[in-house]
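Here's the letter readout for the chains.
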Amino acid sequence: MTIDEQLMTGICNREEQALSDLYDRYHRILWNIARQNHPDQSVCEQLVTHVFRTVWTKPQDFMQNRRLLAMLIDCCRSQSMVSNNKI
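Now for a look at the structure at hand. Remember, predicted model here, so these are calculated numbers, not experimental data. (Residues numbered from 1 in each chain as written. Predicted model: local features only at pLDDT ≥ 70, side-chain atom pairs only at ≥ 80, totals over all residues. Heavy atoms only, no water.)

1. Structural notes on the overall build of the chain
Keep this limit in mind: In DSSP terms, a helix is any run of H or I states spanning at least four residues, a strand is any run of E spanning at least two, and both are numbered starting from the N terminus. In this description the radius of gyration comes from C-alpha coordinates, and the expected globular size is given by 2.2 Å times residues to the power 0.38. Residue burial is assigned from relative accessible area. The probe radius is 1.4 Å, only protein chains are included, and a residue is buried under 20% of its type maximum, exposed over 50%, and partly exposed in between. Here, two residues are considered to be in contact whenever any of their heavy atoms come within 4.5 Å of each other. Under the convention used here, a 1.4 Å probe and the Shrake-Rupley method define accessible areas, while residue burial counts only the protein chains that appear. Charge convention: Lys and Arg are scored as positive, Asp and Glu as negative, and His as well as the terminal groups of each chain are ignored. To locate a charge, take NZ of a lysine, CZ of an arginine, CG of an aspartate or CD of a glutamate.
Regarding its fold elements, the chain presents four helices and zero strands. Taken against the 2.2 N^0.38 rule, which gives 12 Å for 87 residues, the C-alpha radius of gyration of the chain at 13 Å falls within 12% of a compact globule. A total of 87 residues make up the chain; the buried ones form 38% of that total. Looking at the chain alone, contacts between residues at least 24 apart form 56% of all its contacts between residues at least 6 apart. When the accessible surface of the chain is totalled, it reaches about 5600 Å², and 47% of it is carbon and sulfur. Taking the average place of the 10 positive charges on the side chains of the chain and the average place of its 10 negative ones, the gap between the two points comes to 7 Å.

Structure follows, in structure tokens:
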């Protein structure tokens, strides 16, 4: 089992430490993606927070046969486009 699979199993089991570890592992990448479209730091914080909140509330959506990082990036980009449309 990969580290990502272990973390997602922990999140499915409502282990907050697993979410914290996932955040530590990927938040910088997601932050950089958010910054590509939004120079405003508060918007970037909201985007990254949204991604991890979504992982926590709907972990099954991130347990598909795709790489977890790709799914996190897709979630961040999707939310970024929604955010752009609200501005």
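2. What about the packing of aromatic side chains?
For clarity, the cut-off: For Phe, Tyr and Trp, where Trp contributes only its six-membered ring, two rings pair if their centres lie within 6.5 Å, and the inter-plane angle classes them as stacked under 30 degrees, edge-to-face over 60, or tilted in between.
Following the criterion strictly, the structure yields one aromatic pair and no others. Considering the side-chain rings of Tyr-23 and Phe-52, the 5.1 Å spacing of their centres and the 65° angle between planes classify their relative orientation as edge-to-face. Residue Tyr-23 is found in helix 2 (residues 16–37), and its partner Phe-52 is found in helix 3 (residues 41–57); the two are separated by 29 residues along the sequence.

3. Here's the deal with the pattern of salt bridges
Oppositely charged side chains can form a pair if their charged atoms are brought close together. Convention followed: Between Lys or Arg on one side and Asp or Glu on the other, a salt bridge is scored when a side-chain nitrogen of the former is within 4 Å of a carboxyl oxygen of the latter.
Per the stated rule, a full pass over the model turns up two salt bridges. With a closest N to O distance of 2.9 Å, Asp-4 and Arg-25 form a salt bridge. Here Asp-4 is found in helix 1 (residues 3–12), whereas its partner Arg-25 is found in helix 2, with 21 residues between them in sequence. Judged by its relative accessible area of 14%, Asp-4 is buried.

4. What to know about unusual backbone geometry
As a rule of thumb, non-glycine residues mostly have phi less than zero, and peptide bonds are mostly trans rather than cis. Backbone geometry at Arg-14 places phi at a positive 65°, although glycine is not the residue there. Looking at where Arg-14 falls in the secondary structure, it is placed in the loop between helix 1 and helix 2.

5. Quick word on the side chain of His-27
Of note, His-27 is situated in helix 2. Those residues in contact with His-27 that sit more than four places away from it in its chain are Val-48 and Phe-52.

6. Digging into the packing of helix 1 against helix 2
Applied cut-off: The convention used is that axes are lines fitted to C-alpha atoms, helices contributing only their stretch in contact, and that angles between N-to-C directions extend from 0 to 180 degrees. By definition in this entry, angles of less than 35 degrees are roughly parallel, angles greater than 145 are roughly antiparallel, angles of 65 to 115 are roughly perpendicular, and the rest are oblique. Helix crossings are classified by the rotation of the near helix relative to the far one: an anticlockwise turn of less than a right angle makes the crossing left-handed, while a clockwise turn makes it right-handed. Three classes are used: nonpolar for Ala, Val, Leu, Ile, Met, Phe, Trp, Tyr, Cys and Pro, charged for Asp, Glu, Lys and Arg, and polar for all others, with Gly counted as polar.
Their axes nearest at 8 Å, the elements helix 1 and helix 2 cross at an angle of 140°. Between helix 1 and helix 2, the angle falls in the class oblique. Crossing angle aside, the handedness with which helix 1 passes helix 2 is left-handed. Each of Ile-3, Asp-4, Leu-7, Met-8, Gly-10 and Ile-11 in helix 1 lies in contact with helix 2, whose residues at this interface are Ala-18, Leu-19, Asp-21, Leu-22, Arg-25 and Tyr-26. Of the residues belonging to the contact of helix 1 with helix 2, the class tally is eight nonpolar, one polar and three charged.

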